[in-house]
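# Working through the structure, step by step
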Amino acid sequence: MALYSEVVMDHFMNPRNVGIIEDADGVGQVGNAKCGDIMKIYLKIENDVIVDVKFETFGCGSAIASSSMATEMIKGKPLSDALQLTNRAVAEALHGLPAQKMHCSVLAEEAIKSAVKDYYDRNGIAYDKAMFPDCEHCAHCE
Amino acid sequence: MFVYADNAATTKMSKLAIETMVPYYESVFGNPSSLHSAGQEAKEALENARATVAACLGCDPREIYFTSGGSEADNQAIISAARYGARKNKKHIISTAFEHHAVLHTLNKLEKEGYEITLLDVKEGHNVTAQQVKDAIREDTCLVTCMYANNEIGSVLPIGEIGAICKEAGVPFHTDAVQAAGHLHIDVKAQNIDMLSLSAHKFHGPKGVGVLYVRRGFPMTNLIEGGAQERSKRAGTENIPGICALAAALKDACDHMEEHTATVTAMRDKLIEGLSQIPHCALNGDPVNRLPGNVSFCFEGIEGESLLLLLDMHGICASSGSACTSGSLDPSHVLLAIGRVHDVAHGSLRLSLSHYNTMEEIDHILTYVPKVVQQLRNMSPVWRDLQNGVREYIL
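A quick note: this is a predicted structure, and the numbers were derived from the prediction, not measured.

## Here we look at the domain arrangement of chain B
Residue and element names in this part refer to chain B. One can read the domain layout of chain B as domain 1 (15-255) and domain 2 (257-387). Using only C-alpha atoms to locate each centre, domain 1 and domain 2 end up separated by 29 Å. A class-by-class count of the residues in the side of domain 1 that touches domain 2 yields eight nonpolar, nine polar and two charged.

Shown next as structure tokens:
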């Protein structure tokens, strides 16, 4: 039995949207090297729509696959849709993740939210702080 | 190309070991405790295997106890010494920080019972010295347990020197020789070893069978109660096919040790030299006193599990001490013990070789590891930060 689904392996082996956006409108980074995973998301935003997205990930196979899948799921979508993206939706789109790897999908959700928050902060757009949980306080890295 | 380079995890069984097992399932299947001829034939096979193992270790057959594997042997050795020590009011145990969990978790259990545990530091040279052991020995020390060779980073400990110090101090000495048996020369008498654990599947024998050597006269504590098997020290009908195959595989390994050491060491050194060319990496473990088949590196800026998955796609079976491969959040205690920080310990790779590997396979590994490391670095934000000077290189 394989550790990961075929979809996870496909996104791990052929990750979509890898790279950086030099003139990104929002950048979010979550996780830390001590825990073994860092995810960084770059957003290009026009008229509240994500016209381009790139990621860089230091982490295990499921972290890379989660980043790839999550970026695919928000590309071309309005910001409001991106903010609705849940880790569960990412994991489901990947045809499931092993229980101990679910936090990888959480990182993907948080990295996107963090990038959107950065965009709001840069442009002085008001937002509900409760929508953006602080990664540093999640139990994963305790 | 399929390259199995995870021989420290387990090995492929030799034809000899497989062929040795078969008759004990097909024809000589009796219970050695039975009085009839079928049982007595099995009993004879059991005692022949015991004599073979004893000859390989340099001890008396009566000092050999067959177990279910290395973990059971480690547990029984440590518990035996602890119980014996308690009877004499000695409840201090010395070990090392990079032991296998079979040892460390048993020591944790004893610590909760009130024993005091000293774990020797292994940062210096990724090894321990006999002097460290000497300095740690106290009046109330009831056991020194130091592995013969480390399973993750390959360091080979100065077992003979430690044995001499323990003998002089009158402290029982156990060694977990799971990675050493069949690969390094062992002589329990000359090395003053009181107890030693080994496991068949690390030298091309079957899984589920191991040995605990205990010097005659050392009082043992049973872990498994029941029948009078193994001189009443380990109950349960003996795994005759496994035991006979263990003996055959160990003898075969010892008979060909010189030749196998030469070929495996040459492959190991080529791998180490080749992988050292990758920028910002470091060899883990003692560079000189090292298992013939162990190659262990940390690569900065990447994570080990994704490295293993990509190598697997290129047919290479390897191992890592990264947290993601262990199911826990912390990377390997061995890598942390030798002083690798978390960030770097996550990016570890262990390749462990056997004489079944070939130089062509080593070339295959040397082709793909640098490519895969670069591939992962190219998508790593940590690597980008290192390259841009935002973060400082550790390696």
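After that view, the rundown keeps rolling.
## Quick look at the interface of chain A and chain B
If you look at the interface, chain A gives 20 residues, while chain B gives 21 residues. Secondary structure elements with two or more residues in the side of chain A that touches chain B: α1 (6-13), β2 (37-46), β3 (49-58) and α2 (61-74) of chain A. Looking at side-chain class alone, the side of chain A that touches chain B contains 10 nonpolar, six polar and four charged residues.

## Looking at the environment of B:Thr118
Residue and element names in this part refer to chain B. As for its position among the elements, Thr118 is in strand β4 (residues 116-120). Its 19 C-beta neighbours within 10 Å are what place Thr118 among the partly exposed residues. Separated by 19 residues in the primary sequence, Thr118 and Ile137 place their C-alpha atoms 9.4 Å from one another. Dropping the residues within four chain positions of it, Thr118 is found in contact with His92, Ile94 and Ala136.

## Focus on the sheet that holds strand β8 (residues 210-214) of chain B
Residues and elements named next belong to chain B. Taken together, seven strands build an open sheet; the order of strands is β2-β8-β7-β6-β5-β3-β4 and the sheet is mixed. Each end of this open sheet is capped by a strand with a single partner; those strands are β2 (64-67) and β4. For this sheet, the mean inter-axis angle between neighbouring strands, taken without regard to orientation, is 20°. With two bridges joining them, strand β5 (residues 141-145) and strand β6 (residues 173-176) adopt parallel strand pairing. Pairing of Val144 across the sheet is with Phe173, part of β6. Its contacts with the sheet place helix α5 (residues 101-112) against β3 (92-96), β4, β5 and β6, and it is angled at close to 155° to β3.

## Side note on the sheet that holds β2(A)
What holds strands together in a sheet is hydrogen bonding between their backbones, with the strands either parallel or antiparallel. All names here are of chain A. Ordered in space as β1-β2-β3, the three strands form an open sheet in which the pairing is antiparallel. Lying at the two open borders of the sheet, with one neighbouring strand each, are β1 (26-32) and β3. Neighbour to neighbour, the strand axes of the sheet diverge by 15° on average, direction disregarded. In this structure, β1 lies alongside β2, joined through seven bridges in antiparallel fashion. Looking across to β2, one finds that Gly28 is bridged to Ile41. With respect to the sheet, α2 is in contact with β2 and β3, its orientation differing from that of β3 by roughly 175°.

Parameters at a glance
- Residues numbered from 1 in each chain as written.
- Chains lettered and ligands numbered in written order.
- Predicted model: local features only at pLDDT ≥ 70, side-chain atom pairs only at ≥ 80, totals over all residues.
- Domains from an automatic or database assignment.
- Nonpolar A, V, L, I, M, F, W, Y, C, P; charged D, E, K, R; others polar.
- Contact = placed C-beta atoms within 7 Å.
- Helix = DSSP H or I, 4+ residues; strand = E, 2+ residues; numbered from the N terminus.
- Buried ≥ 20, exposed ≤ 12 C-beta atoms within 10 Å, placed from the backbone.
- Pairing = 2+ DSSP bridges.
- Axes fitted to C-alpha atoms, helices over the stretch in contact; angles between N-to-C directions.

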